[in-house]
Each structure stands twice: as C-alpha cells, then as structure tokens.
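The residues making up each chain are set out below.
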Amino acid sequence: MLTDPMPADAVEVARKRVTLAAEDLDASRVATVLLEMADAWGVPALWEQVCRPLLARLSGRTAVEVVVEHALCEGVRVGLDVYRREPGRSLRTGGVLLAGAEKEAHSLGLLALAAALREQGRGCLNLGPALPWTALTSAVYRARPRTVVLWSQTPLTGRAHRLVRFARDFPLLRVYGAGPGWIEPLGAPAVRLGTLTEAVDALLAGAPGRDAHHIRYGSVPYR
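Let me sum up the structure you'll find in this document. All values reported here derive from a predicted model rather than from experimental measurement. (Residues numbered from 1 in each chain as written. Predicted model: local features only at pLDDT ≥ 70, side-chain atom pairs only at ≥ 80, totals over all residues. Heavy atoms only, no water.)

Further remarks concern the pairing of strand β4 (residues 174-178). With respect to burial, β4 is a largely interior element, four of its five residues being buried. Pairing between strand β3 (residues 147-151) and β4: five bridges, direction parallel. Bridge pairing in β4 links Val149 to Tyr176. At this point the chain moves from β3, through helix α7 (residues 160-169), to the parallel β4, and the crossover so formed is right-handed. Strand direction decides the pairing type here: β4 and strand β5 (residues 191-193), joined by three bridges, are parallel. (Buried < 20%, exposed > 50% of the residue type's maximum accessible area, 1.4 Å probe, protein only. Helix = DSSP H or I, 4+ residues; strand = E, 2+ residues; numbered from the N terminus. Pairing = 2+ DSSP bridges. Right-handed = clockwise from strand over helix to strand, strands pointing away.)

For the rest of this paragraph, the subject is the nonpolar core. If you look at the biggest cluster of nonpolar residues, it comprises 47 residues, and the most contacted ones within it are Trp47, Leu72, Val76 and Leu113. Of all the elements, helix α5 (residues 108-119) adds the most residues to this core, at nine residues. For Leu72, the residues in contact, after removing those within four places along its chain, are Val18, Ala22, Val30, Leu54, Leu55 and Leu58. Membership of the second largest hydrophobic core comes to 21 residues, among which are Ala167, Phe170, Trp182 and Ala190. (Core = buried A, V, L, I, M, F, W, Y, C linked by side-chain atoms within 4.5 Å. Contact = heavy atoms within 4.5 Å.)

The terminal C-alpha atoms of helix α2 (residues 27-41) lie 21 Å apart, and with 15 residues this matches the ideal 21 Å at 1.5 Å per residue to within 8%. Of all the residues in α2, the buried ones are Ala27, Val30, Ala31, Val33, Leu34, Met37 and Ala38. In an axial view of α2, the angular spread of the buried residues amounts to 165°, which keeps them on one side of the axis. Across α2 from its buried face, at more than 90 degrees, point the exposed residues Ser28, Asp39 and Ala40. Here the buried face of α2 lies against α1 (8-23), α3 (43-57), α4 (63-82) and α5. Downstream of α2 by a residue or two, Gly42 has a phi angle that is positive, lying close to 95°. (Expected span 1.5 Å × (residues − 1). Arc of directions from axis to C-beta.)

If you want it as structure tokens, here you go:
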C-alpha cells in the first residue's frame, strides 16, 4: 500500500469540509481542503475515500445539484492539478502516457493518477480527456511510451474490444484500462486497473529508470 486508509473520523471531517465549500460554490476552498488532506493522508486515500464518494453522490437532477457539482469538480480539478507541482521542475515521465478514451469528457481520474505519481516523485504525459483512437496511435508513435493508461468514466466510452485491439497492435506497450467505464472484461494483453492505489503500484513497478525515447515501433496502422 502506498498510503494507509484514512480513519473514519478524518474521512467524515474531510467530506463535510469539502461539501460545505462546494455548496458555497467556493471551488478555491474545495481545492485548499483537498491539498491539506492530500499532504496529511496521500492522494490515493483522499481520492478513494473522499473525492469519489462525493462526486458520485451528486446526481445532477436539479439546478442546485448541477451548480454544486460544477463547483466541486472545479475544486477537485484545481487541487489535484497543482498538488506537488514545482515551478521549473519537470519530472521524468517514466514512459507513462495517460489519456481519456474517445468521447470521454471526464478527466478527474487522470488528474488523480498524475497527482499520485508526482507524490511518488514520478511524472507522466497526460493528454487529457476525449482522445480519439487515431490520435492515441499518433501519440504513441510520437512519444514512444512504455505504458498507456486509458480512462473511461461510463460504459459508453469504455469499449473493451477497441482497447484490446489497440494493445495487440502495440505489443511493446503495457496497456491498461482505468475507471468505472470498463464494465466488460478486458482480454489479454490489456489489463483493467481497479483502485488508484492499484494503478500507481502497477505504474511504479514497471517504470524504467529513464524515459523510453529509444523505443521504435513497427509500422502498425490502427484499424
């Protein structure tokens, strides 16, 4: 385990503070609370025990819920994106490329994973949400990563057969599907990641000592 789970009382306090800030539409305060909690308990515990449950709790059925959800998401986005960033210092990517599946608009899971890697002194190349399959292929040829993690939030974007085909077209890559959108089984060589802790453990275990720009991929057009 990268970090110990947060105690129940700490989780309750964190959720209350974040909820109150979001209900006040104060995204900056949401980010501040999250940064404090991340320093105290680590990003994986904060994401799994505080952020994900709070985000799932808002259904967006009413106008009030929609605006509170937007404030919460913005605060979470800012907090995760600035966590452990140091001006003028770039962490080596370790050959790790993160992206959202095609038409997947959600990206907080990617930011959480990137923040958790920075917490361990590792960087990554995060290309953000909604990356078309053809663009992902282009990114692999340009960046030459060792590992690709594709995030899907909903079954509409978690197309398992496309991810498996992508993994088979690039046998030199370790290919992972992350997020709740991958509800269908992922066949080899693609692998599904469950929790954020599991994802970070997997990426750290396979990270090389230097970036992977020496790798050359064969000419495999993506179908």
